[in-house]
Amino acid sequence: MVGVKIGLEIHVQLTEAGSKLFCGCRSNYRGLPPNTNVCPVCLGLPGALPVPQPGPVEAAIAASMALGCRLPWAIVFTRKHYFYPDLPKNYQITEYEGAHGAPVCLGAVFHYLDPGSWEWRSVRIRRINLEEDPGRSQYGDGGIMASPVVMVDYNRSGVPLLEVVTEPDLRGPRDARSMVEYLLLTLEYIGATNPRLEGAFRVDANVSVGGGERVEIKNIGSTLEVERALRYEILRQTKIIEAGGKVERETRHWDSTRGVTRPLRHKEAEEEYLYFPDPDLPPLPITGKLKERARSRITLLPGEVYKTITGHGVGREVAWSITQHPPLARLYLTASEHVADKKTLARLLGVDLKGALKDLGRTPSEPETLPPPETVITLVKLVEEGELPYDAVRGLVLPKLAQNPKTPIESLIPEKAKVTDSLIEAVLMEERKALCDLLRGKKKALNYLVGAVIRRVGKAAVDPRAIRGMIEKKAREIERLCLEAESS
Ligand SMILES: [Zn+2]
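Residues numbered from 1 in each chain as written. Predicted model: local features only at pLDDT ≥ 70, side-chain atom pairs only at ≥ 80, totals over all residues.

Engineer: Would you mind showing me how to read the overall build of the protein chain here?
Structural biologist: Along the backbone of the protein chain there are 17 helices and 15 strands. Taken against the 2.2 N^0.38 rule, which gives 23 Å for 488 residues, the C-alpha radius of gyration of the protein chain at 30 Å runs more than 25% over that of a compact globule. Structurally, the protein chain occupies a C-alpha span of about 105 × 55 × 50 Å along its principal axes. For the protein chain, contacts bridging at least 24 residues in sequence account for 71% of all contacts bridging at least 6. (Helix = DSSP H or I, 4+ residues; strand = E, 2+ residues; numbered from the N terminus. Rg over C-alpha atoms; globule rule 2.2 N^0.38 Å. Contact = placed C-beta atoms within 7 Å.)

Right, dumping it as structure tokens:
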């Protein structure tokens, strides 16, 4: 694909900001009956005045800082006028620069990790607008084309939304997807959004091939779909060019069921929206105090986490597997201060606990799915000290812990899994002949002894390699027993 240029507009709801942008209604409306998360402000009733709320404003500034943006001296809101049933005021409050608005970010170079190549890449962010989400129209039977009724739910009306606009720096579909995923992860780390919530983000993609016209693809709902939609569209444009045709500048819609893009409508010119600064909202200065409060939200970022974990000697895949889930990353960082064997810790959390949760349809992105650090530290220490084979942790302990992360550690450790020194000694004393054979260098005797220990403790719980080591060590300690037996 020669000369592919992709730029993105990513709309992310600040679902974790607490309130809507200009009123106290909730930022996360999911699960509520229609039209119950509303008030005169977000219903656009006459006389109601918008008041910028601290939660969304701080979250937006924190997002801007975390993405490496230049901040303006003040946020200036503008009105974007259009008529639609889900927009009760008939205008949306946004920050259009062309009408003397000031966005919450004046530009940035954003660095992100591409887990396909393990390369760090960068994309220029042109600006980030803080704006309101409109309400939601729902259609009856037959959908938008045939339904006799349209129902409007204003629970979403006024929810804070970041519109992140990039320059056309992205090289391909996979690159675009990695960038969106890393951006969402960064916003999740600072507690601004939960990207797993339905409708928490939408992506519009601009794509051109070989210097041709750019085509906009609207309303892509997942990061996987970003990649699919772009693959399709690049192929479509390439075929037109190869056949000697010309790609038309247009807006298309991504039909994820059929896996194709379809023409939507001609793009409105920006002046048709009649933007002007919102007279109800004076410029909102970004004071030192406001910056401080925003900065206090940035306690951890994915890049730091990934570098710390790989710095512990953990492989990139496992390190990234942990980094992708902020609560799991925090658990790793806390536990890693107390254990020496960080590779085992990383494997336990990033591979096997994550796998056990996945088997139950859960994800370590939700803090309540995770055990307390003490439990994890104890488990890793037991493995380090040879008290508990790792296979037992994986096979017996983690599935229980995934079911109930609050299970006390005592009831997690299988009695039979405790391959202790004294158990090994007892087996060796009983199997005196095999012990002496082993000391005379017969390797078969070692396998026999491992088998004898496994018969004692049960198969599921053991790590044969660890037992082998323990037997060899113990055999050398009690060597004299054989010498005595031979001399008598
Ligand atoms: Zn409201």
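Let's pick the thread back up.
Engineer: For this particular structure, what's the right way to read unusual backbone geometry?
Structural biologist: Peptide bonds are, in most cases, trans, and in most cases residues other than glycine have a negative phi. Phi angles above zero are rare outside glycine, and His100 is one such case at about 65 degrees. Position of His100 relative to the elements: it lies in the loop between β4 (91-94) and β5 (108-114). One non-glycine residue, Trp118, lies in the positive phi region at around 60 degrees. Relative to the elements of secondary structure, Trp118 occurs in the loop between β5 and β6 (119-132).

Engineer: How should I be thinking about the packing of helix α3 (residues 173-189) against helix α4 (residues 223-242) in this particular structure?
Structural biologist: Contact geometry for α3 and α4: axes closest at 8 Å, N-to-C directions at 155 degrees. One element, α3, and the other, α4, form an angle in the roughly antiparallel class. Handedness of the crossing formed by α3 with α4: right-handed. Here Pro173, Arg174, Ala176, Arg177, Val180 and Glu181 of α3 lie close against α4, whose contacting residues are Thr223, Val226, Glu227, Leu230, Arg231 and Ile234. (Axes fitted to C-alpha atoms, helices over the stretch in contact; angles between N-to-C directions. Parallel < 35°, antiparallel > 145°, perpendicular 65-115°, else oblique. Left-handed = near helix turned anticlockwise from the far one by under 90°.)

Engineer: What should I look at first to understand helix α1 (residues 54-66) in this one?
Structural biologist: Here α1 is 13 residues long and its end C-alpha atoms lie 18 Å apart, about the 18 Å a rise of 1.5 Å per residue gives. In terms of residue burial, α1 counts as a mostly covered element, since 10 of its 13 residues are buried. Every buried residue belonging to α1 is among Pro56, Val57, Glu58, Ala59, Ala60, Ile61, Ala62, Ala63, Ser64 and Ala66, and all of these are buried. Summarising the contacts, the buried residues of α1 are in contact with β6, β9 (160-166), α3, β15 (284-285) and α5 (288-295). Backbone geometry just after α1 places Gly68 at a positive phi near 85 degrees. (Expected span 1.5 Å × (residues − 1). Buried ≥ 20, exposed ≤ 12 C-beta atoms within 10 Å, placed from the backbone.)

Engineer: Just to check I follow, could you spell out helix α7 (residues 316-323) for this structure?
Structural biologist: Helical geometry: 3.6 residues make up each α-helical turn, so side chains three or four residues apart lie on a common side. All of the buried residues along α7 are Ala319, Ser321, Ile322 and Thr323. Each element contacted by the buried residues of α7 is listed here: α6 (302-311), α8 (326-336) and α9 (342-359).

Engineer: Looking at this model, I keep getting lost on the domain arrangement of the protein chain. Mind explaining?
Structural biologist: Think of interface size as the accessible area that goes away when the parts come together; that is how it is often given. According to the domain assignment, the protein chain consists of domain 1 (4-294), domain 2 (300-417) and domain 3 (421-487). Its C-alpha centre places domain 1 at a distance of 35 Å from the equivalent point of domain 2. With 10 residues of domain 1 at the contact, the number on the domain 2 side is nine residues. The element contributing the most residues to the side of domain 1 that touches domain 2 is α3, with five residues. Each residue belonging to the side of domain 1 that touches domain 2 can be placed in one class, and the counts come to seven nonpolar, one polar and two charged. (Domains from an automatic or database assignment. Nonpolar A, V, L, I, M, F, W, Y, C, P; charged D, E, K, R; others polar.)

Engineer: I'm lost on the sheet that holds strand β3 (residues 78-81) in this one. Help?
Structural biologist: Within a sheet, each strand pairs with its neighbour through backbone hydrogen bonds, oriented either parallel or antiparallel. Pairing is antiparallel across the open sheet formed by three strands, whose spatial order is β4-β3-β14. Across the chains shown, the open sheet's two edge strands, defined by having one partner strand only, are β4 and β14 (276-277). Two strands pair when backbone bridges link them, and β3 and β14 are joined in this way by two bridges, in the antiparallel orientation. What sits directly across from Arg79, in β14, is Phe276. (Pairing = 2+ DSSP bridges.)

Engineer: Honestly, the pairing of β9 in this entry has me stumped. Any pointers?
Structural biologist: Side-chain direction in a regular strand flips from residue to residue, so the side chains alternate between the two faces of the sheet. Most of β9 is tucked away, with five of its seven residues classed as buried. Two strands pair when backbone bridges link them, and strand β1 (residues 4-13) and β9 are joined in this way by five bridges, in the antiparallel orientation. Among the inter-strand pairings, Val12 is bridged to a residue of β9, identified as Leu162. Relative to β9, β6 runs antiparallel, the two being bridged by seven bridges. Residue pairing across strands places Arg127 opposite Val165, the latter belonging to β9.

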